[in-house]
Protein chains: 2
Amino acid sequence: MTVGAGGKTSADADPLMLVRAIADADRRAAHALNLVPSENRISPLASLPLASDFYNRYFFNTDGDPLFWEFRGGEDIAHIEALGAAALRRMASARYCNVRPISGMSAMILTVAALSPPGSTVVSVDQNSGGHYATPALLGRLGRRSRLLNCKDGEVDESELAEVLAPGDVALVYVDVQNCVRVPDFRRMSDVIREVSPGTRLYVDASHYLGLVLGGLLANPLDCGADAFGGSTHKSFPGPHKGVIFTNAEDVDESLRSAQFDLVSSHHFAETLALSLAALEVEDRMGDYARATNDNARRLAGALADAGFRVYGDSATGYTDTHQVWVELDGVAAAYALSNRLAEGGIRVNLQSSMPGMSGVHLRLGSNEVTFEGAGPQAIEELAGALVTARERALGPRTVHEIRGRFGAPFYTDPEKLKVEAGL
Amino acid sequence: MTVGAGGKTSADADPLMLVRAIADADRRAAHALNLVPSENRISPLASLPLASDFYNRYFFNTDGDPLFWEFRGGEDIAHIEALGAAALRRMASARYCNVRPISGMSAMILTVAALSPPGSTVVSVDQNSGGHYATPALLGRLGRRSRLLNCKDGEVDESELAEVLAPGDVALVYVDVQNCVRVPDFRRMSDVIREVSPGTRLYVDASHYLGLVLGGLLANPLDCGADAFGGSTHKSFPGPHKGVIFTNAEDVDESLRSAQFDLVSSHHFAETLALSLAALEVEDRMGDYARATNDNARRLAGALADAGFRVYGDSATGYTDTHQVWVELDGVAAAYALSNRLAEGGIRVNLQSSMPGMSGVHLRLGSNEVTFEGAGPQAIEELAGALVTARERALGPRTVHEIRGRFGAPFYTDPEKLKVEAGL
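Predicted, not measured: the structure shown is a model, and the values here were computed from it.

What counts, and at which threshold
Residues numbered from 1 in each chain as written. Chains lettered and ligands numbered in written order. Predicted model: local features only at pLDDT ≥ 70, side-chain atom pairs only at ≥ 80, totals over all residues. Heavy atoms only, no water. Domains from an automatic or database assignment. Contact = heavy atoms within 4.5 Å. Buried area = accessible area lost by both parts, 1.4 Å probe. Salt bridge = Lys/Arg side-chain N within 4 Å of Asp/Glu carboxyl O. Polar contact = N/O pair within 3.5 Å; in protein donor to acceptor, adjacent residues only side chain to side chain. Helix = DSSP H or I, 4+ residues; strand = E, 2+ residues; numbered from the N terminus. Expected span 1.5 Å × (residues − 1). Buried < 20%, exposed > 50% of the residue type's maximum accessible area, 1.4 Å probe, protein only. Arc of directions from axis to C-beta. UniProt positions renumbered as here; feature names shortened; annotations may be inferred. Least-squares fit on C-alpha atoms with pLDDT ≥ 70 in both. Pairing = 2+ DSSP bridges.

We now examine the domain arrangement of chain A. Residue and element names in this part refer to chain A. Each domain of chain A was delimited in the assignment, giving domain 1 (46-282) and domain 2 (285-405). Between domain 1 and domain 2, the C-alpha centre-to-centre distance is 28 Å. Counting from both sides, the interface comprises 26 residues of domain 1 and, opposite them, 23 residues of domain 2. Here domain 1 packs against domain 2, burying approximately 2,000 Å² in sum over the two surfaces, 57% of which is carbon and sulfur. Per-residue buried area on domain 1 facing domain 2 is highest for Asn179, Val181 and Arg182; these three make up 29% of the total on that side. At the junction of domain 1 with domain 2, the criterion picks out one salt bridge. Of the charged contacts, one joins arginine 182 and aspartate 321 as a salt bridge, the two residues approaching to 3.0 Å between their closest N and O atoms. Between domain 1 and domain 2 we count 13 residue pairs in polar contact (both at pLDDT 80 or more) in total. Looking at the side of domain 1 that touches domain 2, the elements with two or more residues in it are helix H8 (210-214) and helix H10 (269-282). A per-element tally of the side of domain 1 that touches domain 2 places H8 first, with three residues.

Encoded structure:
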């Protein structure tokens, strides 16, 4: 393709042709099985606001104040943001829920801004033990000092934590573990913080395992002494690309609201409606979904290990407490050959090169999306079989179709029912 | 409605019923005429990716590197982001275009992080002369010192600018004028900066008038000595809720890329595709659209002034150089009565209480969306007539329908043509 630096658009950049290419790729995507732990597939119901006019609009008047309709159009649906936030609060057993961040990183920036002053020190988890790649650099850019903590396999060394807190300048411990099959013991961390540095805030960025916390499968950070927790809403929680922050403390909620006012203007109204619908739709089954997600992750890990893959962890502990399964591969060429064969066959895996305790290019798999779509034990066994096959050769043209044939009911509203009952 | 703090969802929060309410509100929104300068209506073509599976996906491999498909699914459309960025670069006559910010505020955070170190001073424009409400507080939260500059009616006092620069600690002048009918003279600002403080960067946050710059109607900040400019892409530019930053300087582009890596993870792929399509779709007519937008704003201002509204500015200078028209009203009660009557009749206006040089609650109108939809002189006259009517009484039930009947061709692809030619 050629696109001139100036002048007219080339034929290859005809938007009608590009739309056709997107539609073609979208049709393929509809059938693909995604094993990417940081992605999920928003439900047909929850996705409806994204294609509505509300995508184009600002919305500030959450409380429906008759003298605050500076921006109009949301009058008849103003209550939906609050209903969704209430559903999220119920799932998180939290008094306060802030749904204004527009992404997981937006939630991170907002939390750092709200809970640590410029010039203070923020402790986060070393990337080599599962911390988010961006946190230390982000802290530096925001004028905070970064100090790192190790968290090997979910274990925080209490004396190391006491040591990083000792200088007395730590405003916030930001637990940003994202790559984990074991979640840290927040209670132990909280106990050390309360003893050594009682003024230090504890925040848990649960982006990856948020759905497992909201489903009651993993410990709720608020019950373990954290001041707040939150993260992105599109990984193990099946929502749109947004962020959410929970707390039980009124002053923390106030600090978050104040920071949000300064750092978020439009909170992406259509996506906030989508988050509300996603929360209300899944609420009654969130526990089942979380349970099934981890069951499927363990089954996938076990089946892959049985077939000779080098899976992180061991069978005695079920390999994983989350939706993630990590698999070592034999070098870059083999990794890409496997990923390419799978992608051609309609199975999309996530290659990574920086997981703690892993070497080379490896697989970071997630059971969250296929579980949301209805994958049960048999589908997972066959999915593992497809990964085994793809080590050697291309998948058969009907492999994905057959695996999908094993799926049970999804954790979302059937699109046909949606059409009939919602009058669409 | 009642929603229990715990336990089951109430009937009022049934997601199927909420979807029905959203669909009903959306049908009304489809016909409404929006006169909100900070909003636009994304075209039917550009909105298509928002409802696609790409909404759910991460995408990093802009260059299509065969060994960088860590996240899969975008292989066949990877080039569209680059094609869109090229179209934006052509419109901005810029060498570099960063399309990774996920909103206007995201672009602001990224620019501040990239172009000023923590602890340095950033100069922005006082809200009382049109600056963005959030900038000074945002700078404080990011560990920068904020210093304000006045910019009355687009005029920057050169000696005042020299004075704020004099201490020698200003890393960045961030021109965040959003509420303006006159755009500042960037060349004069740049000349003062180069003379008094040559190391200081000049950035223009053109969020509101971006479309008018890209259409060649307003001076291009890069031609006037600015190091970079950008902003949100859904106001006078008819795109999705995203952000964009342009520069001609390789080192500035590098700084932005580096900050983006630390501050943005997912750049909202579906919305980036939407931005590409919006840019490619409007490129050939961007000049005409910008011209028509300002023509319509001037016509609207004139018609309202002729009918006795107190319009900011004067007829000798055409009231406005942008898409904005400001109108004083007679107190809060009258303002809401007017806004409510208009909203009930299908015309949505924007009430504000903090425009420079205005008192009380007033109208901040924008011609950008109705112009994008095809409003010409006659439609604008009738729209002004509807505002005049609504001062006294309710609009007739067919008013909006009749105004829409005067519209010419929109600046976007006809939805029927889209259906046929794109095979949808």
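To continue, consider helix H14 (residues 377-392) of chain A. Residues and elements named next belong to chain A. Taking 1.5 Å per residue as the helical rise, H14 with its 16 residues ought to reach 22 Å, and the 24 Å between its terminal C-alpha atoms agrees with that figure. By the burial criterion, the buried members of H14 are Ala379, Ile380, Leu383, Ala384, Ala386, Leu387 and Ala390. When H14 is viewed along its axis, its buried side chains cluster within an angular range of 150° and face the same direction.

What follows covers the UniProt feature "modified residue: N6-(pyridoxal phosphate)lysine" in chain A. Annotation from UniProt places "modified residue: N6-(pyridoxal phosphate)lysine" at Lys235 of chain A. Inspection of the secondary structure assignment puts lysine 235 of chain A in the loop between strand E7 (228-232) and strand E8 (243-247). Apart from residues lying up to four places away in sequence, lysine 235 of chain A is in contact with Pro37, Ser38, Glu39, Asn40, Ser207, His208 and Asn368 of chain A together with Tyr58 of chain B.

Attention now goes to the interface of chain A and chain B. Taken together, the contacts link 113 residues of chain A with 113 residues of chain B. Looking only at chain A, the three residues that lose the most surface to chain B are Tyr55, Arg72 and Arg141 of chain A, adding up to 9% of its buried area. Seen at the junction of chain A and chain B, the total is 10 salt bridges. Linking arginine 57 of chain B and glutamate 39 of chain A is a salt bridge whose minimum nitrogen-to-oxygen distance equals 3.0 Å. The interface formed by chain A and chain B contains 40 residue pairs in polar contact (both at pLDDT 80 or more). Counting residues per element, the side of chain A that touches chain B draws most heavily on helix H1 (residues 15-31) of chain A, at 13 residues.

For the match of chain A to chain B, the screw axis carries a shift of 0.0 Å, the RMSD comes to 0.0 Å, and the turn is 180°. One copy is carried onto the other by what is essentially a two-fold rotation axis.

Our focus in this paragraph is the pairing of strand E6 (residues 201-205) of chain A. Within a regular strand, the side chains alternate between the two sheet faces. Residues and elements named next belong to chain A. Among the five residues in E6, four count as buried, and that is most of the element. When strand E5 (residues 170-175) meets E6, the two strands line up parallel, connected through four bridges. Note on E6: the bridge partner recorded for tyrosine 174 is tyrosine 203. Bridge analysis of E6 against E7 gives three bridges, and the strand direction is parallel. When the sheet's bridge partners are listed, valine 204 is paired in E7 with phenylalanine 229.

The next subject is the sheet that holds strand E12 (residues 351-352) of chain A. Pairing is antiparallel in the open sheet, where four strands are placed in the order E9-E10-E13-E12 (chain A). One side of each edge strand has no neighbouring strand; the edge strands of this open sheet are strand E9 (310-311) and E12 of chain A.

The antiparallel open sheet is built from four strands, whose spatial order is E9-E10-E13-E12 (chain B). Of all the strands in the sheet, just strand E9 (310-311) and strand E12 (351-352) of chain B have a single pairing partner and so form its edges.

We now examine the pattern of salt bridges. Opposite charge on two side chains allows them to pair when their charged atoms are near. On inspection of all chains with the given rule, the structure shows 60 salt bridges over all chains. A salt bridge links arginine 406 of chain A to glutamate 382 of chain A, with the shortest nitrogen-to-oxygen separation between them at 2.7 Å. Of the two residues, arginine 406 of chain A is situated in the loop between helix H15 (399-405) and helix H16 (415-421) and glutamate 382 of chain A in helix H14; the sequence distance between them amounts to 24 residues. Under the relative-accessibility criterion, arginine 406 of chain A is labelled partly exposed at 42%. The class for glutamate 382 of chain A is partly exposed, based on a relative accessible area of 23%. Across the salt bridge formed by aspartate 24 of chain B and arginine 27 of chain B, the nearest N and O atoms sit 2.6 Å from each other. Of the two residues, aspartate 24 of chain B and arginine 27 of chain B are both situated in helix H1 (residues 15-31); the distance of three residues between them amounts to about one turn of the helix. Ionic contacts of the salt-bridge type, sharing partners, join the residues Glu39, Arg41, Glu369, Glu373 and Arg404 of chain A together with Asp53 and Arg57 of chain B into one network.

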